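Overview (structure and organization)
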Amino acid sequence: MADKHYSPIIAVRLRSIVDGRQWSALPDYLSGLSNSLFRTAGYMLGEKYMPTLDEPQFWELANILVDYNRKAFLVTVLHSWLSRKSAALSSLASATFFQSLRGNTEDQKKTVQILLPTLTSVDEIEWLLSALQLSDPRTLIAFYLQNLTLPSGFLLLKTLRQVEDDRALLIRTTFYLMKKGDGLSFNLASLIRSFFGLDEVRGTFSLNIQPYELARLSSDYDAYLKKIQAI
């Protein structure tokens, strides 16, 4: 039987809690529900009530829900934020929430996989990774490759510079992008090949990159965008 996404009885209680900002009462209420009603309440919080809150209230409730039951509510909170994305992710109100996920590899991975493909700003991506305390270059490279967008591609290039002595990694990354085959991936592979002088990587590359352009392409996002979108 499919989960129900709405219950009028639960709606009355949740509306009372939300309207009165009685967040501390929520864990006790949720704990008293059956498994099926608990799931219904979770859907209602994420789809109906949380999207209506302002930023500070949203993240205050998010902290309470994830502290109460991280496994049940982390994904709910993240998708709810995406449904109401009217403000930058990198707010003071959200910092405590993401900092609470530090040290939990699975939660960090889940958060990055959900949010990274939606973030259109290099600064916002860097803020999220810093808030989660993710800094290992190889971990970041894997995240960027799995969630490739224009800004994450730029950060991929910057991060590869931190491991440029690991030529095998550079080559694997380039071949991975070539195998994906979409325009962004192939242009990025061409850029990485030229940037690190990976002459052993063979292929037909249409992206024309001059030597004098290379340093700027890894430090100037506008220059990178212009070049990566040239074809």
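This text gives an overview of the structure that appears in the document. For every chain, the first residue of its written sequence is number 1, and the numbers climb from 1 along that sequence. Under the rules for a predicted model, residues below a pLDDT of 70 receive no local features and side-chain atom pairs below 80 are neither given nor counted, while totals for whole chains, interfaces and linings still include all residues. Excluding hydrogens and water, the side-chain values take into account all heavy atoms of the structure.

1. Overview of the packing of aromatic side chains
Paired rings are identified among Phe, Tyr and Trp, the last through its six-membered ring, by centres lying within 6.5 Å, and are further divided according to the angle between planes into stacked (under 30 degrees), edge-to-face (over 60) and tilted (the rest). Tallied over the entire structure, the rule returns twelve aromatic pairs. Between Phe58 and Trp59 the ring centres are 4.9 Å apart and the planes differ by 85 degrees, which places this aromatic pair in the edge-to-face class. Throughout, exposure labels follow a simple rule: accessible area from a 1.4 Å probe, protein chains only, divided by the maximum for the residue type, with under 20% read as buried, over 50% as exposed, and the rest as partly exposed. The class for Trp59 is buried, based on a relative accessible area of 1%. Grouped by ring-pair contacts, the aromatic residues Phe58, Trp59, Phe97, Phe98 and Trp127 constitute a single cluster. Throughout this description, the term charge over a ring refers to an Arg CZ or Lys NZ atom that lies within 6 Å of the ring centre and within 35 degrees of the ring normal. Over the ring of Tyr49 we find Lys48, and its NZ or CZ is 5.8 Å from the ring centre.

2. Some details on the environment of Thr139
Secondary structure is summarised from DSSP: a helix means a run of H or I of at least four residues, a strand means a run of E of at least two, and numbering begins at the N terminus for each. Position of Thr139 among the secondary structure elements: in helix H9 (residues 137–146). When its relative accessible area of 30% is taken as the criterion, Thr139 is described as partly exposed. For the pair Thr139 and Lys109, spaced 30 residues apart in sequence, the C-alpha separation works out to 9.7 Å.

3. Regarding unusual backbone geometry
Phi is mostly negative for residues that are not glycine, and the peptide bonds are mostly trans. Of note, Arg21 is a non-glycine position whose phi angle comes to about 50 degrees, a positive value. Among the secondary structure elements, Arg21 is positioned in the loop between helix H1 (8–19) and helix H2 (26–31). For Gln133, which is not glycine, the phi dihedral falls at a positive 60 degrees. Following the sequence through the fold, Gln133 ends up in the loop between helix H8 (122–131) and H9.

4. As for the nonpolar core
Throughout, nonpolar core names a set of buried Ala, Val, Leu, Ile, Met, Phe, Trp, Tyr and Cys residues whose side chains join them through atoms within 4.5 Å. Formed by 79 residues in total, the largest nonpolar core has its most connected members in Leu30, Trp59, Phe97, Phe98, Leu156, Leu191 and Ile192. Note on contacts: a residue pair is in contact if any heavy atoms of the two residues lie within 4.5 Å. Not counting chain neighbours up to four residues away, the residues in contact with Leu191 comprise Leu157, Leu207, Ile209, Leu217, Tyr224 and Ile228.

5. Some points on the pattern of salt bridges
In what follows, salt bridge is the name for a side-chain nitrogen of Lys or Arg lying within 4 Å of a carboxyl oxygen of Asp or Glu. For the coordinates displayed, the defined rule picks out eight salt bridges. Where Arg15 meets Asp19, a salt bridge forms, and the shortest distance between an N and an O atom there is 2.8 Å. Placement of the pair is Arg15 and Asp19 together in helix H1, with a separation of four residues, close to one helical turn. On the basis of relative accessibility, which here comes to 31%, the residue Arg15 falls in the partly exposed class.

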